[in-house]
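Below are the chains, spelled out letter by letter.
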Amino acid sequence: ESLGVALVGLGSYSTYQLAPALEETQHCHLAAVVTGSPEKAKRWTRQYKLNPNSVYDYENFHQIAQNPEVDIVYIVLPNSMHAEFSIRAARARKHVICEKPMGLSSEECVSIIDACKKAGVKLGMGYRLHSEPYTMELKRLVKQKKYGQARYISSTAAYVSRGNPNQWRLNKSLSGGGALMNMGVYAFQALIYAAGSNPTSVSAQEYSTRPEYFKETDETITAQFEWANGALGQMMTSHNYRSNHLRAEYEKGWVELSPASTYIPLSGKTSDGPLDFKQESQQKLQMDDFALHIQGQQPNRAPGEMGHRDLLIIEAIYRSIREGGKKIKLNIAPDYGRS
Ligand code: NAD
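Peer 1: How would you sum up the side chain of Gln 286? Please name residues and give values.
Peer 2: Within the element layout of this structure, Gln 286 appears in helix α8 (residues 282–294). Leaving out residues up to four positions away in the same chain, Gln 286 has contacts with Tyr 74, Ile 97, Met 125, Gly 126, Arg 128 and Ser 131.

Peer 1: Describe the pattern of salt bridges, naming the residues involved and giving the relevant values.
Peer 2: Here the structure, examined in full by the defined rule, presents 14 salt bridges. A salt bridge links Glu 280 to Lys 278, with the nearest nitrogen and oxygen atoms 4.0 Å apart. Across the pair Arg 338 and Asp 335 runs a salt bridge whose closest N-O atoms are separated by 2.9 Å. On the basis of relative accessibility, which here comes to 28%, the residue Arg 338 falls in the partly exposed class. Several salt bridges share partner residues, and in doing so they unite Arg 247, Glu 249 and Glu 256 into one network.

Peer 1: Which residues make up the packing of aromatic side chains, and what values do they have?
Peer 2: In the structure shown here, the tally under the stated rule is eight aromatic pairs. Between Tyr 58 and Phe 85, the aromatic rings sit 5.5 Å apart at their centres with planes inclined by 75°, giving edge-to-face as the arrangement. Taken together, the residues Tyr 58 in the loop between β3 (55–56) and β4 (72–75) and Phe 85 in helix α3 (residues 82–91) connect sequence positions 27 residues apart. We classify Tyr 58 as partly exposed; its relative accessible area is 22%. With a relative accessible area of 2%, Phe 85 lands in the buried category. Look at Phe 61 and Phe 85: their rings are 5.6 Å apart centre to centre, the planes differ by 40°, and that puts the pair in the tilted class.

Peer 1: Requested: an account of the packing of α3 against helix α4 (residues 106–119), with residues and values cited.
Peer 2: Contact geometry of α3 with α4 gives a least axis separation of 9 Å together with a crossing angle of 5°. When the interaxial angle is binned, α3 and α4 end up roughly parallel. The residues of α4 that touch α3, namely those facing His 82, Ala 83, Ser 86, Ile 87 and Ala 90, are Glu 108, Ser 111, Ile 112, Ala 115, Cys 116 and Ala 119. Per-class residue counts for the contact of α3 with α4 are seven nonpolar, three polar and one charged.

Peer 1: I'd like to hear about unusual backbone geometry, residue by residue, with values.
Peer 2: The amide bond that connects Lys 100 to the next residue, Pro 101, takes the cis arrangement and shows omega of -15°. By the secondary structure assignment, Pro 101 is in the loop between β5 (95–98) and α4. Residue Pro 259 follows Ser 258 across a cis peptide bond; omega there is 0°. Note that Pro 259 resides in the loop between β12 (253–257) and β13 (268–270). Despite not being glycine, Lys 49 has its phi angle at roughly 50°, a positive value.

Peer 1: Please set out the sheet that holds strand β2 (residues 28–34) residue by residue, giving values where relevant.
Peer 2: Strands belonging to one sheet form pairs held by backbone hydrogen bonds; the direction of such a pair is parallel or antiparallel. The strand order across the open sheet formed by six strands is β3-β2-β1-β4-β5-β6, and the pairing between neighbours is parallel. Because the sheet does not close on itself, it has two edges, and the strands there are β3 and β6 (123–125). The pairing of β2 with β3 spans two bridges and is classified as parallel. Residue pairing across strands places Val 33 opposite Val 55, the latter belonging to β3. Set on the sheet, α3 makes contact with β1 (3–8), β4 and β5; between it and β5 the angle comes to about 165°.

Peer 1: Go over the nonpolar core, please, and point to the residues and values.
Peer 2: Within the largest apolar cluster, 80 residues are counted, with the highest numbers of intra-cluster contacts made by Phe 188, Phe 225 and Ile 317. No other element matches the 13 residues that helix α7 (residues 179–195) contributes to this core. Domain assignment of the residues forming this core places at least three in each of domain 1 (3–126) and domain 2 (129–277 + 303–329). Apart from residues lying up to four places away in sequence, Phe 225 is in contact with Phe 188, Leu 191, Pro 199, Ser 201, Val 202, Ala 231, Leu 232, Gly 233, Met 235, Ile 313 and Ile 317. Core analysis: the second largest hydrophobic core is formed by 25 residues, Val 5, Leu 7, Leu 22 and Phe 290 among them.

Cut-offs and rules
- Residues numbered from 1 in each chain as written.
- Predicted model: local features only at pLDDT ≥ 70, side-chain atom pairs only at ≥ 80, totals over all residues.
- Heavy atoms only, no water.
- Helix = DSSP H or I, 4+ residues; strand = E, 2+ residues; numbered from the N terminus.
- Contact = heavy atoms within 4.5 Å.
- Salt bridge = Lys/Arg side-chain N within 4 Å of Asp/Glu carboxyl O.
- Buried < 20%, exposed > 50% of the residue type's maximum accessible area, 1.4 Å probe, protein only.
- Phe/Tyr/Trp six-rings, centres within 6.5 Å; stacked < 30°, edge-to-face > 60°.
- Axes fitted to C-alpha atoms, helices over the stretch in contact; angles between N-to-C directions.
- Parallel < 35°, antiparallel > 145°, perpendicular 65-115°, else oblique.
- Nonpolar A, V, L, I, M, F, W, Y, C, P; charged D, E, K, R; others polar.
- Pairing = 2+ DSSP bridges.
- Core = buried A, V, L, I, M, F, W, Y, C linked by side-chain atoms within 4.5 Å.
- Domains from an automatic or database assignment.

Below is the structure:
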């Protein structure tokens, strides 16, 4: 069975990644859109041959509850709108995919998880890498302890942001923060799946080299993590330096992904030689996995708890920075939010 997906917010990620991916998916398809722009509504209806009754705006969005063609609502709005629209989707009794970061705070994440539980709908994060073959192979190697315990891991997820200084990503009330909220999740998630458990502490530092452009949001952050088994990790995320890699040293070998979190194509090698997987749209794999999860045929590869865990880590990083780099203890169970 192919499930119907409604995309909420028709910005660049919906336009250039998700909608094209939904033309390749086998277990779900684009069935509806939610947009504030009548012009986009018209264009998308034509381009994707949508049922005109399956086009909503932000006000009449609740009417999606009555639309049997929609099974999944995918929230692709600025970060400050994730919680409101995820909760509205759950109340309309639709399964929810929420883009990252899940919300502006860990409290918002809990309210989304609660709303989905109460409505009896599934909740997945837009964390495409958990359906991506290089990442899945790394997770498999770690789970099987192929190279033994993790020792030292480093990871970066960073690009140079220029252009419109009024974009929402630079506006703290819409984004909740800068590089850390945007790319930072990839950097510390990589450390976590390479380590095979959640870390126990973090210390962090912030750098600002273009304050005239990054007026409200963090530009560059580094952070160091510890694990209960003695592993150490270091991450860098930035809107002003370009870097994207993961290198994990284990007792008996190593794994490298470079790039480690871009859309396509990832590449990687281990101490045993190169990895080589078929290149496919990560978004296609992610949405098909979630559709199969709803139908009881797959685990939830990126559950809401993962999004919540990530906000707990983000909050600890910002707190460490506010407290001058102090080491913050993370009270997160080793497997909470992991898949
Ligand atoms: P974008 O700016 O291109 O699109 C945002 C959309 O939201 C636009 O269509 C805009 O019209 C709409 N919108 C509604 N209210 C708005 C408001 N008050 N201010 C600004 N825009 C408003 O952004 P995007 O790159 O498509 O990102 C959307 C979400 O998707 C973000 O949460 C982002 O983190 C996430 N994202 C995830 C990935 C990924 O790889 N998983 C990649 C890109 C973006």
